[in-house]
Amino acid sequence: MIRWLYLFKYPEGVPLAEGERWYLETHTQEAKRMADHGLIGYRTWKGLEAPFGTPSRTREQLNEYKRVTELVFPDWEAFRAAVVESGITYTPAPYGRGFEYKTIFLAEEPEYDLLRDIPRLG
């Protein structure tokens, strides 16, 4: 199982409500077409607003990304079919670039449960 997570924000100057409207009402509805090509899970969360910073990260840094979205595929072949080969096109955001993001791929299960496991390396 491949989990593809996006942490994203809207471009500077784009009101959050405007970005959310385009993303949730247009982009995500078009992206659901990937289910015909291998997508098996598609979820999103609005980020929680941290009320204060930490010694290593300011409040602004902690609150930089406004939303997280997860797309799930059974394997890399399904990912390729849905994302690379499907030919799905998307309506551009009315304000230009849709969103700025960081992305990571994860396996379904964690490598370690650090409250229970002690990683043994080498």
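Preceding block: the structure.
Criteria and thresholds
Residues numbered from 1 in each chain as written. Predicted model: local features only at pLDDT ≥ 70, side-chain atom pairs only at ≥ 80, totals over all residues. Heavy atoms only, no water. Core = buried A, V, L, I, M, F, W, Y, C linked by side-chain atoms within 4.5 Å. Buried < 20%, exposed > 50% of the residue type's maximum accessible area, 1.4 Å probe, protein only. Helix = DSSP H or I, 4+ residues; strand = E, 2+ residues; numbered from the N terminus. Contact = heavy atoms within 4.5 Å. Polar contact = N/O pair within 3.5 Å; in protein donor to acceptor, adjacent residues only side chain to side chain. Pairing = 2+ DSSP bridges. Axes fitted to C-alpha atoms, helices over the stretch in contact; angles between N-to-C directions.

The next thing to look at is the nonpolar core. By size, the foremost hydrophobic cluster in this structure holds 19 residues, and its most contacted members are Met34, Leu71, Phe73 and Phe99. Counting residues per element, the ones that place at least two in this core are strand S1 (2–9), helix H1 (16–31), strand S3 (67–73) and helix H3 (76–84). When residues in this core are grouped by element, the largest group, four residues, is from S1. Leave out the neighbours within four places in its chain, and phenylalanine 99 touches Tyr6, Phe8, Lys9, Tyr10, Pro11, Trp22, Tyr23 and His27.

A word on the side chain of glutamate 70. Tracing the sequence through the fold places glutamate 70 in strand S3. Overall, glutamate 70 belongs to the buried group, its relative accessible area being 1%. Polar contacts involving the side chain of glutamate 70 include one to the side chain of arginine 43, which spans 2.7 Å. Discounting chain neighbours no more than four positions away, the residues touching glutamate 70 are Arg3, Trp4, Leu5, Gly41, Tyr42, Arg43 and Trp45.

Taken in spatial order, the four strands make up an open sheet running S2-S3-S1-S4, and their pairing is antiparallel. In this open sheet, the two edge strands, each paired with only one partner strand, are strand S2 (41–46) and strand S4 (100–107). Each strand of the sheet is rotated relative to its neighbour by a mean of 15°, with strand direction disregarded. The pairing of S1 with S4 spans eight bridges and is classified as antiparallel. Across the sheet, phenylalanine 8 pairs through a bridge with tyrosine 101, a residue of S4. Sheet contacts for H1: S1, S2 and S3; angle to S2, the most-contacted strand, approximately 175°. Its contacts with the sheet place H3 against S1, S3 and S4, and it is angled at close to 115° to S3.

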